[in-house]
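Below are the chains, spelled out letter by letter.
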Amino acid sequence: RKEEKSPLYLGRFGTSLKIGIVGVPNVGKSTFFNVLCKQSIPAENFPFCTIDPNESRVAVPDARFDWLCDHFKPPSKVPAYLSVVDIAGLVRGASEGEGLGNAFLSHIGGCDAIFSMMRVFDDPDVTHVDGDVDPLRDTDTIFQELRLKDIEYLTNNIDKVGKVVARMGDKDKAAKNEYETMLKARDLLKDGKDVRKCTWANKEIEALNKHLLLTSKPVIYLINMGEKDYIKKKGKWLMKIKQYLDENDPGATMIPFSGALEQRLLDDPDNAKTFLEENKTQSNLSKIIVNGFKALGLQYFFTVGADEVRAWTIPKHTKAPQAAGKIHSDMERGFIKAEVYKYDDIVEHKSEAAVKAAGRYRMEGKNYEVQDGDIVMIKFNVTDSKKK
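Residues numbered from 1 in each chain as written. Predicted model: local features only at pLDDT ≥ 70, side-chain atom pairs only at ≥ 80, totals over all residues. Heavy atoms only, no water.

**Q** Sorry if this is basic, but what is going on with the nonpolar core here?
**A** If you look at soluble globular proteins, the nonpolar side chains tend to sit buried side by side. Grouped together as the largest cluster of nonpolar side chains are 74 residues, with contacts concentrated most on Phe32, Leu82, Leu146 and Leu222. In this structure Leu82 touches Ile19, Ser56, Arg57, Val58, Val60, Ile289, Gly292, Phe293 and Leu296, once residues within four positions along its chain are discounted. Counting 16 residues, the second-largest nonpolar core is a separate cluster that includes Ile151, Ala185, Leu189 and Cys198. (Core = buried A, V, L, I, M, F, W, Y, C linked by side-chain atoms within 4.5 Å. Buried < 20%, exposed > 50% of the residue type's maximum accessible area, 1.4 Å probe, protein only. Contact = heavy atoms within 4.5 Å.)

**Q** Help me out: how do you make sense of the packing of aromatic side chains in this one?
**A** Each aromatic ring pair is summarised here by two numbers: the centre-to-centre distance and the angle between the ring planes. Per the counting criterion, the structure on display carries eight aromatic pairs. Plain terms: the ring middles of Phe32 and Phe115 are 6.0 Å apart, the flat faces sit at 85° to each other, and that makes the pair edge-to-face. Within this pair, whereas Phe32 is found in helix α1 (residues 29-37), its partner Phe115 is found in strand β5 (residues 113-119), the two being separated by 83 residues in sequence. For the pair formed by Phe32 and Phe115, the shared burial category is buried. On the basis of an interplanar angle of 90° and a centroid distance of 5.9 Å, the ring pair of Trp67 and Tyr343 is categorised as edge-to-face. (Phe/Tyr/Trp six-rings, centres within 6.5 Å; stacked < 30°, edge-to-face > 60°. Helix = DSSP H or I, 4+ residues; strand = E, 2+ residues; numbered from the N terminus.)

**Q** I would appreciate a short explanation of the packing of helix α9 (residues 259-267) against helix α10 (residues 269-278) in the present structure.
**A** When two helices pack together, their arrangement is given by the angle between their axes and by how far apart the axes lie. In the contact formed by α9 and α10, the axes pass within 6 Å of each other and the chain directions differ by 130°. Considering the angle they form, α9 stands oblique to α10. Of α10, the residues touching α9 (which contributes Leu261, Arg264, Leu265, Leu266 and Asp267) are Pro269, Ala272, Phe275 and Leu276. (Axes fitted to C-alpha atoms, helices over the stretch in contact; angles between N-to-C directions. Parallel < 35°, antiparallel > 145°, perpendicular 65-115°, else oblique.)

**Q** Would you mind going over the sheet that holds strand β4 (residues 81-86) with me for this structure?
**A** Adjacent strands of a sheet form backbone hydrogen bonds with each other and so pair up, either parallel or antiparallel. An order of β2-β4-β1-β5-β6-β7 is seen for the six strands of this open sheet, with the pairing classed as mixed. Looking at the sheet topology across the chains shown, the edges are occupied by β2 (54-59) and β7 (253-257). Recorded for the sheet is a direction-independent mean angle of 25° between the axes of neighbouring strands. Taken together, the six bridges between β2 and β4 define a ladder with antiparallel strand orientation. Within β4, the position partnered with Ser56 by the bridge is Val84. Across the sheet, α1 touches β1 (18-22), β2, β4, β5, β6 (219-224) and β7, and the angle it forms with β4 is around 155°. (Pairing = 2+ DSSP bridges.)

**Q** Just checking my understanding: could you explain the pattern of salt bridges for this structure?
**A** If charged atoms from side chains of opposite charge come close, those side chains can pair. This model, assessed by the stated rule, comprises 20 salt bridges. With its nearest N and O atoms 2.8 Å apart, the salt bridge here joins Asp132 to Arg137. Under the relative-accessibility criterion, Asp132 is labelled partly exposed at 42%. A salt bridge links Asp246 to Lys242; the nearest nitrogen and oxygen atoms lie 3.0 Å apart. (Salt bridge = Lys/Arg side-chain N within 4 Å of Asp/Glu carboxyl O.)

**Q** Just to check I follow, could you spell out helix α2 (residues 63-72) for this structure?
**A** An α-helix turns once per 3.6 residues; consequently, residues spaced three or four apart project the same way. Every buried residue of α2 is accounted for by Arg64, Phe65, Leu68 and Cys69. The arc that holds every buried residue of α2, seen down its axis, measures 135°, which confines them to one face. With respect to the buried face of α2, the exposed residues turned more than 90 degrees away are Ala63 and Asp70. Packing partners of the buried residues in α2 comprise β3 (76-78), β8 (298-303), β9 (308-315), α14 (343-349) and β12 (375-380). For α2, the capping residue at the N-terminal end is Asp62, with a side-chain oxygen 2.8 Å from the backbone nitrogen of Arg64. Looking one or two residues beyond α2, the residue adopting positive phi is Lys73, at roughly 50°. (Arc of directions from axis to C-beta. Polar contact = N/O pair within 3.5 Å; in protein donor to acceptor, adjacent residues only side chain to side chain.)

**Q** Just checking my understanding: could you explain the side chain of Gln299 for this structure?
**A** Along the chain, the position of Gln299 falls in strand β8. On the accessibility criterion, Gln299 (9% relative accessible area) is buried. One polar contact links the side chain of Gln299 to the main-chain carbonyl oxygen of Val370, over a distance of 2.7 Å. Not counting the four nearest positions on each side in its chain, Gln299 is found in contact with Phe293, Trp312, Thr313, Ile314, Pro315, Lys316, Val370, Gln371 and Asp372.

**Q** How should the environment of Phe143 be read in this particular structure?
**A** Residue placement: Phe143 occurs in helix α4 (residues 135-168). A relative accessible area of 6% places Phe143 in the buried class. A C-alpha to C-alpha distance of 8.0 Å links Phe143 and Asp194, two positions 51 residues apart in sequence. Those residues in contact with Phe143, other than ones at most four positions away along the chain, are Ser116, Asp194, Arg196, Val219 and Tyr221.

Shown next, in the form of structure tokens:
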């Protein structure tokens, strides 16, 4: 039977992927990062206070993982993690080296998705680099700089690939495809279109993935509101941002939150629950983390037992042998089958034995695509390793 190919996506394929927090200076990036990772890095009111990117891992919240830990009560509990990078503020002219432009743009290049931070809060103590608060102008500034850097990169590389095509002609079809795709991408960027918003054929995606352009990365828009506006769920910018994204990035994920509120909850954990209840509001951090993880094209399966409950991160569309390889290379090399059942099955039937008795326990082969939240046991055999 012919093996089906998984769909191709723009970006790196792997699990060591990162999401970067991007925005102009003083929009609340470092405050958000501090709260997200519960660690203190400087957050002074100064445009280039974050020069070296700060990276941290944050556990991905999941009620399924919590339930499994409570059910099996293992001494070892390992959730999935999201790697987040705090990137210094981007200013107009960054693509030409303004501010600390080139360094910042290379830091974005090292990430695989973007949290685009949009400031809508007013605070006289936190000066805006352009004088007044305007999240639409800020967002235009950021993505224009990313487009300009991509255009510069493509212009420098098109000539190199063009020379190969001129020498080889139709003999090197891959080089010809890459050359044509790069020309197409540059034309679209010059028209003000980001690479990720355009439709690409599989062979074009293969060519683009050699270059990992800045505008090819998935984006989640975070709307950083003042505490009072966030609690009231009102603000003069919310509808304007919604309309802007509907026009410029249809279908984009937009998540309002309040850095000031999140900081308050972190500083006073004893009264956090009471404050949220009294103000009929909630933290949006969990939603942000989960959406960031999904934006990277990642998911996870669980292994469970009395010793450990663990979430294993894999790219979407990963086949069972490669998923097994995340646990141990021997498991991929000597893969026989995967025994799989769903989280809902263990919740309903309470034990693996009862899941089996109900006929919900499945045997899957090497072509099975592991699904998010699958509970998996791998059967494998290698000649120099004991059969499991």
